[in-house]
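If you want the building blocks of each chain, they are given just below.
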Amino acid sequence: DAKTTQPPSMDCAEGRAANLPCNHSTISGNEYVYWYRQIHSQGPQYIIHGLKNNETNEMASLIITEDRKSSTLILPHATLRDTAVYYCIVSKARGSTLGRLYFGRGTQLTVWP
Amino acid sequence: GAVVSQHPSWVICKSGTSVKIECRSLDFQATTMFWYRQFPKQSLMLMATSNEGSKATYEQGVEKDKFLINHASLTLSTLTVTSAHPEDSSFYICGGNRDSKETQYFGPGTRLLVL
């Protein structure tokens, strides 16, 4: 699976948009980009995933560049409860890895009041 | 999203004893379940992958005889830490999905402390 690179930490003011970048320059054509977050001492929470097109759900938006080498997770109106470690993961949906997820160090997002 | 539960949420045991952790998918059938370990201030590390009714596949460096995984049904997987030692103290998290094409959902985790 392709590796990802994320900034170790970011800050955001409450009510503002949080834009979390992720580089995955070695991504292959059949690999999806997944975003999860982990609030302290809890299991990871699924946020969103995509292959080529931009995606939006009730939690966030995912913007994937045309060459698929990077993506940005957008939390449109960050709240204090969005403070967490955000993980960007690239994973094949098929093949030998069978949906395995390999977590990197992620980005610690801190939302300030 | 799908719901995954774990039991117990935390456990303290003496060194040398075995500890069993249960992972249940509550509202979906998990064809595949995954077990992770997370040490303080570190990321999740995948330990093993199990498919219902077959033997688990362990990641490199994970001792299969120490971490016994059973995935006997589509809604239950168990991880048994045999002869636990203080260095096995960690946060253990399970995940499951319906098939490899679908999103993996995670349990709340089990915190193990071995004295």
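Everything that follows concerns the structure shown earlier in this document.
Quick summary incoming for the structure in this document. It should be emphasised that the depicted structure is a prediction, and the values quoted were computed from it without experimental measurement. (Residues numbered from 1 in each chain as written. Chains lettered and ligands numbered in written order. Predicted model: local features only at pLDDT ≥ 70, side-chain atom pairs only at ≥ 80, totals over all residues. Heavy atoms only, no water.)

A count of helices and strands for chain B gives zero helices and 11 strands. Written out in order from the N terminus, the α and β elements of chain B read β-β-β-β-β-β-β-β-β-β-β. Taken against the 2.2 N^0.38 rule, which gives 13 Å for 115 residues, the C-alpha radius of gyration of chain B at 13 Å falls within 12% of a compact globule. Counting only C-alpha atoms and orienting by the principal axes, one finds that chain B spans roughly 40 × 25 × 25 Å. Counting only contacts in chain B whose residues sit at least 6 apart along the sequence, the fraction spanning at least 24 positions is 54%. By element, 52% of the accessible surface of chain B is carried by carbon and sulfur atoms, the whole surface being about 5,600 Å². Each charge class in chain B was averaged separately, 11 positive and 10 negative side chains, and the resulting centres sit 4 Å apart. (Helix = DSSP H or I, 4+ residues; strand = E, 2+ residues; numbered from the N terminus. Rg over C-alpha atoms; globule rule 2.2 N^0.38 Å. Contact = heavy atoms within 4.5 Å. Areas by Shrake-Rupley, 256 points an atom, 1.4 Å probe, with all protein chains shown as cover. Lys, Arg positive; Asp, Glu negative; His and termini not counted. Charge placed at Lys NZ, Arg CZ, Asp CG, Glu CD.)

What follows covers the overall build of chain A. Along its length, chain A carries zero helices and nine strands. From first element to last, N terminus to C terminus, chain A shows the α and β order β-β-β-β-β-β-β-β-β. Relative to the compact-globule value of 13 Å for 113 residues, chain A shows a C-alpha radius of gyration of 13 Å, a close match. Once the C-alpha set of chain A is aligned to its principal axes, its extents read approximately 45 × 30 × 25 Å. Residues classed as buried in chain A amount to 45% of the 113 residues present. A separation threshold of at least 6 residues defines the contact pool for chain A, and within that pool the share at least 24 residues apart is 58%. For chain A, the computed accessible surface area is about 5,800 Å², with 51% contributed by carbon and sulfur atoms. Positive and negative charge centroids in chain A, built from 11 and 9 side chains respectively, lie 7 Å apart. (Buried < 20%, exposed > 50% of the residue type's maximum accessible area, 1.4 Å probe, protein only.)

A few words now on the sheet that holds strand E1 (residues 4-7) of chain B. All names here are of chain B. Spatially, four strands are ordered E1-E3-E8-E7 in an open sheet, and the strand pairing comes out antiparallel. Either end of the sheet is taken by a strand with one partner, and the two such strands are E1 and strand E7 (67-73). With strand direction ignored, the average angle separating the axes of adjacent strands in the sheet is 15°. Bridging between strand E3 (residues 19-25) and strand E8 (residues 76-81) involves six bridges; their strand directions are antiparallel. Within the sheet, the bridge partner assigned to Glu22 lies in E8 and is Thr78. (Pairing = 2+ DSSP bridges. Axes fitted to C-alpha atoms, helices over the stretch in contact; angles between N-to-C directions.)

Glancing now at the sheet that holds strand E1 (residues 9-13) of chain A. Residues and elements named next belong to chain A. One open sheet accounts for five strands, arranged E1-E9-E8-E3-E4; its pairing is mixed. At either end of the open sheet lies a strand with only one pairing partner, and these are E1 and strand E4 (45-50). Taken over all neighbouring pairs, the strand axes of this sheet differ in orientation by 25° on average, direction set aside. Pairing of strand E8 (residues 84-92) with strand E9 (residues 107-112), which is carried by three bridges, proceeds in the antiparallel orientation. When the bridges of E9 are listed, Tyr86 appears paired with Thr107.

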